[in-house]
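Coordinate analysis (summary)
Single-letter residue listing:
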Amino acid sequence: MVTEKRRLIKQYKMERERQQKLEEQEEIKKLRKELIPKAQLMPYFDRPFVPRRSEKQPTVPREPKFCIPRHKTIRCCRMSCNDMSGPSQLQHLPSSVEKTEALYKNRGLQ
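Residues numbered from 1 in each chain as written. Predicted model: local features only at pLDDT ≥ 70, side-chain atom pairs only at ≥ 80, totals over all residues. Heavy atoms only, no water.

Attention now moves to the overall build of the chain. For the chain, the helix and strand inventory stands at 3 helices and 0 strands. From first element to last, N terminus to C terminus, the chain shows the α and β order α-α-α. Across the 110 residues that make up the chain, the buried fraction comes to 5%. Carbon and sulfur atoms make up 56% of the accessible area of the chain, which amounts to about 12,300 Å² in all. (Helix = DSSP H or I, 4+ residues; strand = E, 2+ residues; numbered from the N terminus. Buried < 20%, exposed > 50% of the residue type's maximum accessible area, 1.4 Å probe, protein only. Areas by Shrake-Rupley, 256 points an atom, 1.4 Å probe, with all protein chains shown as cover.)

Before going further, it helps to examine helix H1 (residues 2–35). Side chains three or four residues apart in an α-helix point the same way, a direct result of the helix having 3.6 residues per turn. Its 34 residues give H1 an end-to-end C-alpha distance of 50 Å, which sits within 8% of 50 Å, the value for a rise of 1.5 Å per residue. Judged by how many residues are buried, H1 sits mostly at the surface: 0 of 34 residues are covered. (Expected span 1.5 Å × (residues − 1).)

Here we come to the pattern of salt bridges. Opposite charge on two side chains permits pairing when their charged atoms draw close. The full count for this structure, using the stated rule, is 1 salt bridge. Between Arg18 and Glu15 there is a salt bridge whose closest N-O contact spans 2.6 Å. Of the two residues, Arg18 and Glu15 are both situated in helix H1; the distance of 3 residues between them amounts to about one turn of the helix. Taking the relative accessible area as the measure of exposure, Arg18 reaches 45% and is therefore partly exposed. (Salt bridge = Lys/Arg side-chain N within 4 Å of Asp/Glu carboxyl O.)

For Phe66, the position within the fold is in the loop between H1 and helix H2 (87–90). Judged by its relative accessible area of 36%, Phe66 falls in the partly exposed class. Each C-alpha atom of the pair Phe66 and Tyr104 lies 9.6 Å from the other, and the pair is 38 residues apart in sequence.

Bear in mind that shape data such as this cannot, by itself, settle questions of function.
Next up, the structure:
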């Protein structure tokens with residue numbers, strides 16, 4: 001009796017494992033079928049493309065900010081763009097910086 005029960009339990013386990021393997025194989029087959037690339041339909045070019053007008057407002061142009069914020073200035077430089085407003089400070093700047101400042105002033109950018 002005991003051996004018969006063990007045999008039945010063993011047989012039941014084997015049957016369950018076999019069914020699980022079959023289910024897994026079927027699942028794998030389904031996944032492989034889904035992964036097969038399929039051709040997409042060509043778009044119709046017989047109708048001309050007419051773009052629709054946008055309903056958004058156009059962007060408003062803004063003046064660019066040429067001043068460097070204080071937190072982005074180089075640490076060794078004691079003056080920032082905001083401090084360079086007077087002519088007395090321009091005398092201490094190197095010549096290349098003086099030239100660019102003069103160009104900006106001539107063009108009306110500062």
